[in-house]
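# Structure assessment
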Amino acid sequence: MYTHSSFDEIEEEEGGDSIDMHISVSDPEKVGDGMNAYMAYKVSTKTSLSLFKTGEFAVKRRFSDFLGLHSKLASKYLHVGYIVPPAPEKSIVGMTKVKVGKEDQSSNDFVEKRRSALERYLMRTVKHPILLKDPDVLQFLESSELPRAVSTQALSSAGLLRMVNKAADAVNKMTIKMNESDAWFEEKQQHFENLDVQLRKLHISVESLVCHRKELSVNTAQFAKSAAMLGNSEDHTALSRALSQLAEVEEKIDQLHQDQANADFHLFSELLGDYVRLITAVKGVFDHRMKTWQKWQDTQILLLKKREAEAKLQQTNKPDKLQQAKDEIKELEAKVQQGERDFEQISKTIRKEVSRFEKERVKDFKAIIIKYLESLVQTQQQLIKYWEAFLPEAKAIS
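Sequence order sets the numbering: in each chain, residues are counted from 1 along the sequence as written. Totals for whole chains, interfaces and linings use all residues, but because this is a predicted model, local features are given only for residues with pLDDT of at least 70 and pairs of side-chain atoms are given and counted only at 80 or more. Excluded from the side-chain calculations are hydrogens and water; all other atoms, namely the structure's heavy atoms, are used.

## Re the overall build of the protein chain
Under the DSSP-based scheme used, a helix requires at least four consecutive residues in state H or I and a strand at least two consecutive residues in state E, with every element numbered from the N terminus. If you tally the helices and strands in the protein chain, you get nine helices and three strands. The order of α-helices and β-strands along the protein chain, N terminus first, is α-β-β-β-α-α-α-α-α-α-α-α. Across the 398 residues of the protein chain, 45% fall into the buried class. The long-range fraction of contacts in the protein chain, counting pairs at least 24 apart against all pairs at least 6 apart in sequence, stands at 77%. Accessible surface, the protein chain: about 22,300 Å² in total, of which carbon and sulfur atoms supply 53%. A simple rule labels every residue: compare its accessible area, found with a 1.4 Å probe on the protein chains alone, to the largest value its type can have, and call it buried under 20%, exposed over 50%, or partly exposed in between. The criterion used for residue contact is that any of the two residues' heavy atoms lie within 4.5 Å. Areas reported as accessible are Shrake-Rupley estimates using a 1.4 Å probe. Residue values count occlusion only from the protein chains shown.

Structure, rendered in structure tokens:
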């Protein structure tokens, strides 16, 4: 278990905003048959970091291994204020289709979506200067064999949400309500609450846009088919040729709509989904700070009661009990001091973590928005080329 001082030492060693490390998750492979089947993935790492034995290596991992890694990291770091990226969500429906061997587009899409999500999860994890050097992360990336994850039931994003809600419930049940004296924490908590609401709304809108483009693709394909059939039925040669070429253009446009729907999803929708889950993790560390404060306050109350009991014992002739009370008071005083140090440390850690998180968030959104705009521009330019090439054919109808 790391101490606060060793966390700080690691942070000081870590220089710069980026690391020379790339992880890819590829080659999804179904292992086994029926409901006992599972998907295995190749996790490949390229790096120049001295943490690793070699600069390039690969291992095979199953989905539960990723969830197991998140579980270990969350248990070690969340309660001391570190933002641990959540693992991808479980999908019983999606995985059941894969297990029973139903080979269709939806199951292929599910496998690709999960593969991409696992890759993003690992990259976010190793970008964290503390998590990168964790023994469990190093073992996950390098070791050919891993101990099986015992329970992954609560380790998906839904599981993370349950964990955070549990922490939030504990905060709501606090015997003393925390009167936030630090304006920065009050402001940031409100900021993340608002961000959570707006990200969820935008995520829903983008998912609707993806569905709209897919429907547009289907309708465009149907239009192309109808135009081709009409062209075949047309006696007028020039009109028949124009209709046939219109059908060909619409077929190409159908593919453009499909490609743009994929760009909407893989670029924008997935990023928003990731950050909805990440904001949940951020809110979780704020709740852990409140729990740390509550523990400190509870110890102070207990110390006060022990001192009152000691004062009463001093009026009686019970030296054994009085000494016991003094020993207990001494122990509680040490716990109160430790509680104060823990609260100060988690507050300091969260400030650093939020600063790091916000920088990463801005970088991620900037990169994705640029890629997304480039994909839109490319689609529109290609559309113009198709229509400009077709226009003379339409004008030639006489």
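## Side note on the packing of helix α7 (residues 183–233) against helix α9 (residues 319–395)
Axis angles are defined between N-to-C directions and span 0 to 180 degrees, where every axis is a line fitted to C-alpha atoms and, for a helix, only to the segment in contact. Where α7 contacts α9, the axes come no closer than 13 Å and their chain directions differ by 25 degrees. The orientation of α7 relative to α9 falls into the category roughly parallel. Here the hand of the crossing between α7 and α9 comes out left-handed. Listed contacts from α9 to W184, F185, K188, H191, F192, L195, L199, L209 and R213 of α7 are S347, I350, R351, V354, F357, E358, R361, F365, Y372 and L376. By definition in this entry, angles of less than 35 degrees are roughly parallel, angles greater than 145 are roughly antiparallel, angles of 65 to 115 are roughly perpendicular, and the rest are oblique. Two helices cross in a left-handed way if the nearer one is turned anticlockwise from the farther one by less than a right angle. They cross in a right-handed way if the turn is clockwise.

## Some details on the pattern of salt bridges
Salt bridges are identified by distance alone: a Lys or Arg side-chain nitrogen within 4 Å of an Asp or Glu carboxyl oxygen. Taken as a whole and judged by the stated rule, the model has 24 salt bridges. Between K363 and E360 there is a salt bridge; the shortest N-O distance is 3.8 Å. Taken as a pair, K363 and E360 lie in helix α9 at a separation of three residues, close to a single helical turn. Among the ionic contacts, a cluster of salt bridges with common partners joins E89, R120, R124, E270, D274, R277 and D364.

## Remarks on the side chain of R289
Locating R289 in the fold gives a position in helix α8 (residues 237–314). Looking at R289, the relative accessible area reads 3%, which means it is buried. Among residues more than four places away in sequence, those in contact with R289 are M178, E180, D182, F185, F343, I346, S347 and I350.

## So, the packing of aromatic side chains
Aromatic pairs are defined between Phe, Tyr and Trp rings, using the six-membered ring for Trp, whenever the two ring centres lie within 6.5 Å; interplanar angles under 30 degrees are classed as stacked, those over 60 as edge-to-face, and all others as tilted. Under the definition given, this model contains 13 aromatic pairs. Look at Y77 and Y82: their rings are 6.2 Å apart centre to centre, the planes differ by 85 degrees, and that puts the pair in the edge-to-face class. By relative accessible area, Y77 is classed as buried at 0%. Here the aromatic rings of Y275 and F357 are separated by 5.8 Å at their centres, their planes lie at 55 degrees, and the arrangement is tilted. Here Y275, found in helix α8, pairs with F357, found in helix α9; they are 82 residues apart in sequence, far enough to count as distant. Both residues of the pair, Y275 and F357, belong to the buried class. Over the ring of F140 we find R61; its NZ or CZ atom is 5.3 Å from the centre of that ring. Counting as a charge over the ring demands two things of the Lys NZ or Arg CZ atom: a distance within 6 Å of the ring centre and an angle within 35 degrees of the ring normal. Looking at R62, its charged tip hangs above the ring of Y38, at a distance of 3.7 Å from the centre.

## Describing the nonpolar core
With 61 residues, the main nonpolar core has L122 and L141 as its most contacted residues. Looking at this core element by element, the count peaks at 13 residues for α8. Membership of the second largest hydrophobic core comes to nine residues, among which are L303, L332, V336 and F343. Among buried residues, those of type Ala, Val, Leu, Ile, Met, Phe, Trp, Tyr and Cys that are joined through side-chain atoms within 4.5 Å constitute a nonpolar core.

## A look at the sheet that holds strand β3 (residues 56–62)
Should DSSP find at least two bridges between two strands, the strands are regarded as paired. Read from one edge of the open sheet, three strands run β1-β2-β3, paired in antiparallel fashion. Each edge of the open sheet carries a strand with a single partner, namely β1 (21–31) and β3. Neighbour to neighbour, the strand axes of the sheet diverge by 20 degrees on average, direction disregarded. When β1 meets strand β2 (residues 38–47), the two strands line up antiparallel, connected through nine bridges. By the bridge assignment, K30 is partnered in β2 with M39. On top of the sheet, helix α2 (residues 63–77) reaches β2 and β3; it is set at about 100 degrees to β3, its chief contact. In the packing of helix α5 (residues 135–142) onto the sheet, contacts are made with β1, β2 and β3, and the angle to β3 comes to roughly 95 degrees.

## A word on the confidence of the model for the protein chain
Scored from 0 to 100, pLDDT reflects the predictor's confidence in each residue. Counting all residues, the mean pLDDT for the protein chain is 86, and 85% of those residues have values of 70 or more. Here helix α1 (residues 4–13) stands out as the least confident element of the protein chain, with mean pLDDT 42; α5 is the most confident, with 95. Counting interchain partners and residues more than four positions distant, the pLDDT-below-50 stretch residues 1–16 has 28 contacts.

## Here we look at the packing of α2 against α5
Two numbers describe a pair of packed helices, the interaxial angle and the distance between the axes. Viewed as axis vectors pointing N to C, α2 and α5 meet at an angle of 165 degrees, and their least axial separation amounts to 10 Å. In terms of orientation, α2 and α5 fall into the roughly antiparallel class. The hand of the α2/α5 crossing is left-handed. Residues D65, F66, L69, K72, L73 and K76 of α2 form the contact with α5, whose own contacting residues are P135, D136, V137, Q139 and F140. Each residue is assigned to one class: nonpolar for Ala, Val, Leu, Ile, Met, Phe, Trp, Tyr, Cys and Pro, charged for Asp, Glu, Lys and Arg, and polar for all the others, Gly among them. Across the contact of α2 with α5, the residue classes break down as six nonpolar, one polar and four charged.

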